[in-house]
Amino acid sequence: MSAIPLVVIGGYLGAGKTTLLNHVLSHAGSRRITVLVNDFGSINIDASLIRQRTDDVINLENGCVCCSIGGRLVEALLAVSARPDAPDLLIIEASGVSDPVRIAQIGLLDRAFRLDGIVVLVDAERVESTLADPYVGDIARRQIEGASAIVLNKMDLFSEPSREALVARVEALARSRIIVQATHAAAPLDLIFDRHVMPARDTGALTPSVSHTPRELGSFSIATDARLSRKKLKEALQSVSAKLLRAKGFVRLESDGASHELHVVGNRVMISASSARSGAQSQIVFIGMFDRNDEAQARAALKAAEIST
Ligand SMILES: [Zn+2]
């Protein structure tokens, strides 16, 4: 039996991992791809977004698969490798705070898999502030260091001199020499479908039981049956604590109640029509370095955005 190729897609919160994955799945041709999606939050929004493209999705939410829920990753991998009809490729979408190298190491504990690549997305707009962050800077740096290929995403936001500076910045951190620029995570497909050589890594110790995420990092989710005012929802999200790193979800807006996808990355709030989910509820997951009162404040702010019927 030949080994099943494994590709890990990593990158910090909001860098475009799910968008890249959907891009890959829509160009997969006849390849049979199994996707394993890890979401740090308690509701797996990314898995819902991917289900539009494939049914073969395994959800691992509510923690980080390289540490706190590593055991569930091992079980899921065993289940995939035990299938009589093994996939042509397994893609693991790492959560935004996980270490993709550790995920790859866990994957390789099962001899049924061979590692073909660790593709890491970097948000060109936010990379500098993320690296400078005292809590999560190390996580983002490790992700870049460990990549076998880097996709420098959202480059449409920059003009040429800034692009060169961004590439140089990432080059200085990365061990891989494969650094491609992309817009809307539309990276060349050979990054996923062809095998790359892994860069060497100094720290080889595999300690999946030890959490590498800062103690303060947490998530909570809010669900409501009420429809929301788009304008007030935006205001509510902008008023939520500065410690918010990422929010995402599905929301029902205004009087028609149509479903929309919601993404908050840094100060950007993006709301767009979505066919990914037909549930009646609005659900939003918040990820950040929260204090005790932040969840209550977010709940109150969202409550204020509800439209009374
Ligand atoms: Zn982890």
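Bear in mind the structure is a predicted one, so any value in this text is a computation, not a measurement. (Residues numbered from 1 in each chain as written. Predicted model: local features only at pLDDT ≥ 70, side-chain atom pairs only at ≥ 80, totals over all residues. Heavy atoms only, no water.)

## Comments concerning the domain arrangement of the protein
The domain boundaries assigned to the protein delineate domain 1 (4-193) and domain 2 (217-304). Inter-centroid distance (C-alpha atoms) of domain 1 to domain 2 is 24 Å. Each side of the interface is counted separately: domain 1 has 21 residues, and domain 2 has 22 residues. Across the domain 1/domain 2 interface, buried area totals approximately 1,800 Å², and carbon plus sulfur atoms make up 66% of it. R268 serves as the salt-bridge partner of E125, at 2.5 Å between the closest nitrogen and oxygen. Joining domain 1 to domain 2, the criterion identifies four residue pairs in polar contact (both at pLDDT 80 or more). Looking at the side of domain 1 that touches domain 2 element by element, the count peaks at four residues for helix α2 (residues 45-50). Split into classes, the residues belonging to the side of domain 1 that touches domain 2 amount to ten nonpolar, five polar and six charged. (Domains from an automatic or database assignment. Contact = heavy atoms within 4.5 Å. Buried area = accessible area lost by both parts, 1.4 Å probe. Salt bridge = Lys/Arg side-chain N within 4 Å of Asp/Glu carboxyl O. Polar contact = N/O pair within 3.5 Å; in protein donor to acceptor, adjacent residues only side chain to side chain. Helix = DSSP H or I, 4+ residues; strand = E, 2+ residues; numbered from the N terminus. Nonpolar A, V, L, I, M, F, W, Y, C, P; charged D, E, K, R; others polar.)

## Side note on the sheet that holds strand β7 (residues 179-181)
The strand order β3-β2-β4-β1-β5-β6-β7 describes an open sheet built from seven strands, whose pairing is parallel. In this open sheet, the two strands that pair with only one neighbour each are β3 (57-61) and β7. Recorded for the sheet is a direction-independent mean angle of 20 degrees between the axes of neighbouring strands. Pairing geometry for strand β6 (residues 149-153) and β7, over three bridges, is parallel. By the bridge assignment, L152 is partnered in β7 with Q181. Sitting on the sheet, helix α4 (residues 100-109) touches β1 (4-11), β4 (89-93) and β5 (113-123), and the angle it makes with β5 is about 165 degrees. (Pairing = 2+ DSSP bridges. Axes fitted to C-alpha atoms, helices over the stretch in contact; angles between N-to-C directions.)

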